[in-house]
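# Breakdown of the fold
Okay, here's what each chain looks like letter by letter:
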Amino acid sequence: LAVVGGFIEHGELPEEAAAREVAEEMKLVCGEFTPLGKFRTDVNRGMGWVHPFLARECRALPSQAPRLRAVGDADQERQDLKTM
């Protein structure tokens, strides 16, 4: 299980950040985000708040649908390795 996460941009609401991160990381758009609370945490060695959501009614972004081949495929970073 991989949790989608990221930072809330200036002026952005937690639910807007959740929707943006799901779109960026999973290439999904979701119709409903249910808030699961607000928790103090030490994520990435910096004190902050976590705003978890349960995302429902999700579907692939139209431009991304053909590229999805396996569970988690959309969340894998593509990198070109170079040797020196």
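These numbers were taken from a predicted model, which means no experiment stands behind them.

About the thresholds
Residues numbered from 1 in each chain as written. Predicted model: local features only at pLDDT ≥ 70, side-chain atom pairs only at ≥ 80, totals over all residues. Heavy atoms only, no water. Helix = DSSP H or I, 4+ residues; strand = E, 2+ residues; numbered from the N terminus. Contact = heavy atoms within 4.5 Å. Phe/Tyr/Trp six-rings, centres within 6.5 Å; stacked < 30°, edge-to-face > 60°. Buried < 20%, exposed > 50% of the residue type's maximum accessible area, 1.4 Å probe, protein only. Disulfide = S-S within 2.5 Å.

Inspection of the secondary structure assignment puts alanine 18 in helix H1 (residues 14-26). With 34 residues separating them along the chain, alanine 18 and proline 52 place their C-alpha atoms 8.2 Å apart. Once you skip the residues sitting within four places of it in the chain, alanine 18 turns out to touch Phe33 and Phe53.

This part is about the packing of aromatic side chains. Under the definition given, this model contains one aromatic pair. Ring centres 6.3 Å apart and planes at 85° place the aromatic pair phenylalanine 33 and phenylalanine 53 in the edge-to-face group. Taken together, the residues phenylalanine 33 in strand S1 (residues 28-35) and phenylalanine 53 in strand S4 (residues 53-60) connect sequence positions 20 residues apart. Under the relative-accessibility criterion, phenylalanine 53 is labelled partly exposed at 21%.

Here we take up the state of the cysteines. Following the criterion strictly, the structure yields one disulfide and no others. Each disulfide pairs two cysteine sulfurs, and for cysteine 30 the partner residue is cysteine 58, the sulfurs being separated by 2.1 Å. Around the S-S axis, the bridge from cysteine 30 to cysteine 58 shows a dihedral of about 105° and counts as right-handed. Separated by 28 residues along the polypeptide, cysteine 30 in strand S1 and cysteine 58 in strand S4 bring together distant segments of the chain. A residue is classified by how much of its surface remains accessible, and cysteine 30, at 13% relative accessible area, is buried. Cysteine 58 sits in the partly exposed class, given a relative accessible area of 36%.

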